[in-house]
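Here's the letter readout for the chains.
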Amino acid sequence: MINSQNTAHIPKEAQMSSVVTRFAPSPTGYLHIGGARTALFNWLYARRTGGKFILRIEDTDKERSTPELARAILDGMSWLGMGWDEGPYFQTGRMELYRREADRLLREAKAYRCVCTPEELDARREAAKARGEKPRYDGRCRNLPPATAEGKRSVIRFRTPESGQTVVHDLFRGDVTFEHAELDDLVLIRSDGLPTYNYVVVIDDATMGITHVLRGDDHLNNTPKQILLYESLGYSLPRFGHFPMILGPDGTRLSKRHGAMSVMAYEEMGYLPEAMVNYLVRLGWSHGDQEIFSVDELKKCFTLENIGKSAGKFNPEKLLHLNAHYIKTVDPERIARLLIPFLARKGIEATPSPWLVSVVRTLQERSRTLLEMADSAEYYFREKETDPKAAAKFLTPEIATVFEEIAAAFSALPEFSHAAMDSTLNAIVAKRGGTLKIHQPIRVALTGGTASPGLFEVMEVLGREEVVRRLSKAAKRISSV
RNA sequence: GUCCCCAUCGUCUAGUCCGGCCAAGGACACCGCCCUUUCACGGCGGCGACGGGGGUUCAAAUCCCCCUGGGGACGCCA
């Protein structure tokens, strides 16, 4: 017998207009890169098709789930700008439904009670591995008279067909066939009465009307079991699509070893959500040669057809590049607002103002993250310690008098503008033979280092008073050495 | 070990379904040059891939098979 998801008869338009996707993370960790992309694909597909996107928290692992982590996942979703149309649903609130359906399966003999203990199961698994076999449940409680389990600690297992096969019609990979003989009798309800993942996911997806189950291909092997469950429960099947996982830069499964994998860690490092979204969407999906995508654009052009099949490696460099792109092109007023907490971390108090925006404008082209921007913005707010090497090279004794002359000339300027400063400097240089290199010394005196935005921009933002003050101060300091 | 998936530059990928337009295109990184008051931005150029072997065909990155490599799953985790 071959089980199949038969949706081919449904007209394309009908499928399009009624798409329901979901993201179902378990609150046993933060929202990480991989999870975020899964959410993104589902969210984008729903948006693209005018469908619905549901958020569901899979909290049936009472050992590891915490409300704080559930909160953190929600925060991550919000930061990335992914809103959900329904939920978040929590599975812990749906226990009665899970038990009722399990009882039904039990009554129909599609499931049975198993009294094997975890210890026994472990031992058998090890033994099977030692023998070189696939470690599966051996089915010894399958035909136990129901009375045997009476009063004993037991789990409810699904009675998987012993022969035949199930084929998964995967949206991205085509048909994948699994022999039932390869599957074992999975646990539906644990001995403490809590349901397991493979079971609840089916009930939830079915009862919530999910039409497209789009998830990482680490779930592909679970799918035949779930299809069998759908059929036993009498539910109609959604369409399944398994996209490749994201691997660490070293090609192994993503984990803490790979450094910052939590999405929110990137916010703290000064990344913009649009950069993260853009990076994530291009990892495993493409649209010709296009690299830059706004969210609005994605809502129009994101398609399932362009999702690839091979696993991708997480590449922090490209994410950084994309972030630099957005730092550079996003509205400076917004950057200014976002920058404030980063400045605060350095002990710099700033408030939104046109001046702050002008600071940002000078730094947009040379900052790849908000963190970098805050670092290079420091001299606008307070004098920095002068880099000793820069001082040695540019703050030479003969420059002191030049600084004083410039300070005086600047003070006398009717207007402290780029053009006025430029011609003032040129005049002073010309007066001394025209070979004097004056820009770097001024830059060092003003910013404490040799790298900064255009000198005139810096001076305009700093303001005449501060420029004159720093120049005079530098002159005095040089002379006093 | 068993089963499942995957395979184009170091990385993300276009091209593969409908074989010729591909002496394989774009992006990141790297290198060089130009622009330039520094650092950046930008522009131009360079380096760099169809994993191997068999088929099929007039023709294969594209279709088939095997091998190899990588990943995943095998829980009273999700």
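These figures come from a predicted structure and were not determined experimentally. (Residues numbered from 1 in each chain as written. Chains lettered and ligands numbered in written order. Predicted model: local features only at pLDDT ≥ 70, side-chain atom pairs only at ≥ 80, totals over all residues. Heavy atoms only, no water.)

Digging into the overall build of chain A
Check the secondary structure of chain A and you find 20 helices and 13 strands. Within the span of chain A, comprising 481 residues, buried residues form 49% of the whole. Taking contacts inside chain A between residues at least 6 apart in sequence as the whole, the part at least 24 apart equals 76%. With 65 positive and 62 negative side-chain charges, chain A shows a spacing of 1 Å between the two charge centroids. (Helix = DSSP H or I, 4+ residues; strand = E, 2+ residues; numbered from the N terminus. Buried < 20%, exposed > 50% of the residue type's maximum accessible area, 1.4 Å probe, protein only. Contact = heavy atoms within 4.5 Å. Lys, Arg positive; Asp, Glu negative; His and termini not counted. Charge placed at Lys NZ, Arg CZ, Asp CG, Glu CD.)

Considerations on the protein's contact with RNA strand B
Around RNA strand B, a shell composed of 66 residues is seen, among which Gly132, Arg173, Arg190, Gly284 and Arg366 lie nearest. The sugar-phosphate portion of RNA strand B accounts for 71% of its atoms within 4 Å of the protein, the bases making up the rest. The contact in question runs from a base nitrogen of RNA strand B to an N or O atom on the side chain of Asn221, over 3.2 Å. Elements represented by at least two residues in the surface near RNA strand B include exactly helix H5 (118-130), strand S6 (155-158), strand S8 (174-179), helix H6 (197-207), strand S13 (312-313), helix H11 (316-329), helix H18 (439-447) and helix H19 (455-462). Per element, the largest residue contribution to the surface near RNA strand B is four residues, and it comes from H11. When its residues are assigned to classes, the surface near RNA strand B shows 17 nonpolar, 25 polar and 24 charged. (Near = heavy atom within 4 Å. Polar contact = N/O pair within 3.5 Å; in protein donor to acceptor, adjacent residues only side chain to side chain. Nonpolar A, V, L, I, M, F, W, Y, C, P; charged D, E, K, R; others polar.)

Description of the nonpolar core
Membership of the largest hydrophobic core comes to 107 residues, with the highest contact counts inside it found for Phe403, Ile406, Phe410, Ile442, Met459 and Leu471. It is helix H2 (residues 33-49) that contributes the most residues to this core, nine residues altogether. Residues contacting Phe403, with those up to four places away along its chain left out, are Leu395, Pro441, Ile442, Ala445, Leu471, Ala474, Ala475 and Ile478. Judged by nonpolar contacts, the second largest core, of 34 residues, contains Val20, Ile54, Leu105 and Val213. (Core = buried A, V, L, I, M, F, W, Y, C linked by side-chain atoms within 4.5 Å.)

Digging into the sheet that holds strand S9 (residues 187-189)
With antiparallel pairing, three strands are arranged side by side in an open sheet as S5-S6-S9. The open sheet terminates on both sides in strands that have one partner only, identified here as strand S5 (111-114) and S9. Along the sheet, successive strands turn relative to each other by an average axial angle of 45°, direction set aside. The pairing of S5 with S6 spans four bridges and is antiparallel. Within S6, the residue paired with Arg113 across the bridge is Ile156. (Pairing = 2+ DSSP bridges. Axes fitted to C-alpha atoms, helices over the stretch in contact; angles between N-to-C directions.)

Comments concerning helix H3 (residues 67-80)
Here H3 is 14 residues long and its end C-alpha atoms lie 20 Å apart, about the 20 Å a rise of 1.5 Å per residue gives. Among the residues of H3, those classed as buried are Leu69, Ala70, Ala72, Ile73, Leu74, Gly76, Met77, Trp79 and Leu80. Buried residues along H3 sit against strand S2 (20-23), H2, strand S3 (52-57), strand S4 (86-90), helix H8 (263-268) and helix H9 (273-281). Among the residues trailing H3, Gly81 stands out with phi positive, at a value near 85°. (Expected span 1.5 Å × (residues − 1).)

A few points about the packing of aromatic side chains
Here the distance between the centres and the angle between the planes together describe a pair of aromatic rings. Overall, the coordinates contain 12 aromatic pairs when judged by the stated rule. Between Tyr279 and Phe314 the ring centres are 5.6 Å apart and the planes differ by 90°, which places this aromatic pair in the edge-to-face class. Residue Tyr279 is found in helix H9, and its partner Phe314 is found in the loop between S13 and H11; the two are separated by 35 residues along the sequence. Of the two residues, Tyr279 and Phe314, neither departs from the other in class, the shared state being buried. When the centroid spacing of 4.9 Å and the interplanar angle of 50° are considered together, the rings of Tyr379 and Tyr380 count as tilted. Taken together, the ring pairs in this structure connect Phe41, Phe172, Phe243, Trp285, Phe293 and Phe302 into an aromatic cluster. The side chain of Arg157 reaches across the aromatic face of Tyr137, ending 3.5 Å from its centre. (Phe/Tyr/Trp six-rings, centres within 6.5 Å; stacked < 30°, edge-to-face > 60°. Lys NZ or Arg CZ within 6 Å of the ring centre and 35° of its normal.)

A short note on the packing of helix H16 (residues 397-412) against helix H17 (residues 418-431)
Their axes nearest at 10 Å, the elements H16 and H17 cross at an angle of 140°. Regarding the angle of H16 to H17, the classification is oblique. Remark: the crossing between H16 and H17 carries right-handed chirality. Here H16 contributes Val402, Glu405, Ile406, Ala409 and Phe410 to the contact with H17, which in turn contributes Met421, Thr424, Leu425, Ile428 and Lys431. In terms of residue class, the contact of H16 with H17 is built from seven nonpolar, one polar and two charged. (Parallel < 35°, antiparallel > 145°, perpendicular 65-115°, else oblique. Left-handed = near helix turned anticlockwise from the far one by under 90°.)

A short note on the side chain of Thr21
Summarising the element assignment, Thr21 is placed in strand S2. A relative accessible area of 0% means that Thr21 is categorised as buried. Engagement of the side chain of Thr21 in a polar contact is seen with the backbone oxygen of Asn42, the distance being 2.9 Å. Among residues more than four places away in sequence, those in contact with Thr21 are Asn42, Trp43, Tyr45, Ala46, Lys52, Phe53, Ile54, Ile210, His212 and Leu214.

So, the pattern of salt bridges
Using the criterion set out here, one finds 38 salt bridges in the structure. Among the salt bridges present, the one from Glu378 reaches Lys346, with a minimum N-O distance of 3.6 Å. Pair noted here: Glu378 is in helix H14 (residues 370-381) and Lys346 is in the loop between helix H12 (332-345) and helix H13 (354-363), with a separation of 32 residues, a long-range link. Residue classification places Glu378 among the buried residues on the basis of a relative accessible area of 15%. (Salt bridge = Lys/Arg side-chain N within 4 Å of Asp/Glu carboxyl O.)

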